[in-house]
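Summary of the model geometry
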Amino acid sequence: MLLTIEKVSILQQVEFFAGTPGNLLAAVAQIAEEVALEANAPLIREGEVEDCLYIIVAGQVRIHSQGQTLTTLGPGRSVGELAVLDPEPRSASATALEPTHLFRIDKAPFDEVMALRPEIAQAVMRALVRRIRELS
């Protein structure tokens, strides 16, 4: 189990929270659940409706749809961030390629944190805008 300060240090490296001061990320760190997956364990299944995001702390996660690998993500990357904002069926599956350590952040506590700390919501919006621009 990581200490809050260790979680904050990890969160500061995640694009989703880029530029957010550590004192604000402490609130996110407190709601982040640690998850451990074995190699080849499913993390997300395409089509399922969930309301959480995952942050890869260590390990590798394969993002895939209909048998095709879309990308591979490693430490510091987030998976499923749209679901924590607006739960809809997952657009792809995610599977651990090796033993993987993650943080799971659920929608309800994240909504509370964003309501109390609007700077976090602003950082999330900036990250999503950057991602949309990259896709354009």
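So, a few notes on the structure that sits alongside this text. (Residues numbered from 1 in each chain as written. Predicted model: local features only at pLDDT ≥ 70, side-chain atom pairs only at ≥ 80, totals over all residues. Heavy atoms only, no water.)

This part covers the overall build of the protein chain. Along the backbone of the protein chain there are five helices and eight strands. Beginning at the N terminus, the succession of helices and strands in the protein chain can be written as α-α-β-β-β-β-β-β-α-β-β-α-α. Over its C-alpha atoms the protein chain spans a radius of gyration of 14 Å, differing by no more than 12% from the 14 Å that the globule rule assigns to 136 residues. Residue burial in the protein chain is summarised as follows: out of 136 residues, 42% are buried. Pairs at least 24 residues apart make up 73% of the contacts formed inside the protein chain by residues separated by at least 6 positions. For the protein chain, the exposed area adds up to about 7,300 Å²; of that, 53% sits on carbon and sulfur atoms. (Helix = DSSP H or I, 4+ residues; strand = E, 2+ residues; numbered from the N terminus. Rg over C-alpha atoms; globule rule 2.2 N^0.38 Å. Buried < 20%, exposed > 50% of the residue type's maximum accessible area, 1.4 Å probe, protein only. Contact = heavy atoms within 4.5 Å. Areas by Shrake-Rupley, 256 points an atom, 1.4 Å probe, with all protein chains shown as cover.)

Further remarks concern the sheet that holds strand β2 (residues 42-44). Taken in spatial order, the four strands of this open sheet run β2-β7-β4-β5, and their pairing is antiparallel. The sheet terminates laterally at β2 and β5 (68-73), the two strands that pair on one side only. Direction aside, neighbouring strands of the sheet carry axes that sit 30 degrees apart on average. Examined bridge by bridge, strand β4 (residues 61-65) and β5 share five bridges and lie antiparallel to one another. Paired with S65 across the strands is Q68, a residue of β5. (Pairing = 2+ DSSP bridges. Axes fitted to C-alpha atoms, helices over the stretch in contact; angles between N-to-C directions.)

Estimated volume of the largest pocket: approximately 620 Å³. Taken together, 24 residues form the lining of the largest pocket, with G80, E81, L82, S91 and R131 sitting closest to its centre. Secondary structure elements with two or more residues in the lining of the largest pocket: β5, β6 (78-79), α3 (81-85), β7 (93-96) and α5 (118-135). Each residue belonging to the lining of the largest pocket can be placed in one class, and the counts come to 13 nonpolar, five polar and six charged. (1 Å grid on protein atoms, 1.4 Å probe; cavity = no way out; pocket = protein on both sides within 12 Å on 5 of 7 lines; lining within 4 Å. Points joined across faces, edges and corners; volume = space filled by probe spheres on them. Nonpolar A, V, L, I, M, F, W, Y, C, P; charged D, E, K, R; others polar.)

Once that is clear, we can look at α5. For α5, spanning 18 residues, the distance from its first C-alpha to its last is 26 Å, which sits close to the expected 26 Å at 1.5 Å a residue. Within the sequence span of α5, burial applies to I120, A121, A123, V124, A127 and L128. The buried side chains of α5 occupy one side of the element, clustering within an arc of 160 degrees when seen end-on. Opposite the packed face of α5, turned more than 90 degrees from it, sit the exposed residues I132 and R133. (Expected span 1.5 Å × (residues − 1). Arc of directions from axis to C-beta.)

Time to look at the side chain of E50. Note on placement: E50 falls in the loop between β2 and β3 (52-58). Here the side chain of E50 touches R90 through a polar contact of 3.0 Å, side chain to side chain. Leaving out residues up to four positions away in the same chain, E50 has contacts with I44, A83, P87, E88 and R90. (Polar contact = N/O pair within 3.5 Å; in protein donor to acceptor, adjacent residues only side chain to side chain.)

Listed in full, the buried residues belonging to helix α2 (residues 22-31) are L24, L25, V28 and A29. Each buried residue of α2 lies within a common arc of 150 degrees when the element is viewed along its axis, so the set occupies one face. The exposed set on the far side of α2, more than 90 degrees from its buried face, consists of N23 and Q30.

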